[in-house]
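Observations on chain architecture
The primary structure of each chain is shown beneath.
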Amino acid sequence: MSIEIRDPEGQGAALEVAPGPAEGPLQVAILIEGPSAHASWSCTPAAARELAAALVSAAGEAENARSAEPVTVKARELLRGDVREGSRLMTVESVRTDGANVQVTWTSGGGRSWSQLYEADADISLRRRSRPER
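The model shown is predicted, which means the values in this text are computed figures rather than measured ones. (Residues numbered from 1 in each chain as written. Predicted model: local features only at pLDDT ≥ 70, side-chain atom pairs only at ≥ 80, totals over all residues. Heavy atoms only, no water.)

1. Quick notes on the pairing of strand 1 (residues 2-6)
To keep it simple, the criterion reads: For two strands to be treated as a pair, DSSP must find at least two bridges joining them. Secondary structure counts use DSSP, requiring at least four H or I residues in a row for a helix and at least two E residues in a row for a strand, with both numbered from the N terminus.
Pairing between strand 1 and strand 2 (residues 12-19): 5 bridges, direction antiparallel. Along strand 2, the bridge assignment pairs Ser2 with Glu16. Hairpin remark: strand 1 followed by strand 2, antiparallel, with 5 residues in the connecting loop; positive phi at Gly10, about 90 degrees.

2. Some remarks on the pairing of strand 3 (residues 28-34)
Of the strand pairs in this sheet, strand 2 and strand 3 are connected by 6 bridges, and their pairing is antiparallel. Opposite Ala14, over in strand 3, you have Glu33 as the bridge partner. Taken together, the 7 bridges between strand 3 and strand 4 (residues 37-43) define a ladder with antiparallel strand orientation. In the sheet register, Gly34 faces strand 4, and the bridge partner there is Ala37.

3. Points about the pattern of salt bridges
Quick note on the threshold: For this analysis, a salt bridge means a side-chain nitrogen from Lys or Arg found within 4 Å of a carboxyl oxygen belonging to Asp or Glu. Burial classification: accessible surface area is computed with a 1.4 Å probe over protein chains only, and a residue below 20% of its type maximum counts as buried, one above 50% as exposed, and the rest as partly exposed.
Inspection of the entire model under this criterion finds 4 salt bridges. Notably, a salt bridge pairs Lys74 with Asp123, separated by 2.8 Å at the nearest N-O pair. Linking Lys74 in strand 5 (residues 71-74) with Asp123 in strand 10 (residues 123-128), this pair joins segments that are 49 residues apart in sequence. Overall, Lys74 belongs to the partly exposed group, its relative accessible area being 27%. For Asp123, a relative accessible area of 51% gives the class exposed. With a shortest N-O distance of 2.9 Å, Glu93 and Arg80 are connected by a salt bridge. Note that Glu93 is positioned in strand 7 (residues 90-98) and Arg80 in the loop between strand 5 and strand 6 (83-84), a separation of 13 residues in sequence.

4. Topic: the confidence of the model for the protein chain
To keep things clear, this is the line we draw: Here pLDDT means the predictor's own confidence in every residue, given as a number from 0 to 100.
Looking at the protein chain as a whole, the pLDDT averages 85, with 90% of positions reaching at least 70. Confidence scores differ between elements of the protein chain, with helix 1 (residues 45-66) showing the lowest mean pLDDT of 79 and strand 9 (residues 113-119) the highest of 95.

Right, here's the structure in full:
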């Protein structure tokens, strides 16, 4: 797997991630190749999973920081993963359209789940908009 990354000056490099050799200890190889960088690292599968989790967390924080301005959408346009604007975290789990109404199932940051019925044209203010699934 190759991923393009950039250094602080904007120079690109390719980050390659691959399983380590079949013999010896279990390893994951991490290689960086580019005009401004060349590095070769390895780590255990557990450390690779920790790195992946840290990257996912940082990506979420970066996206949340960029979405300081709330956006308003119609209830019928809600997507799984949309986050409701307000003092408590509410994330869209599912949306079901029933004629002129939309049933939205929300989950809280604490794991609680509930459903609410909205008119399809009701304005819903979101803290963060999910990306449509392709």
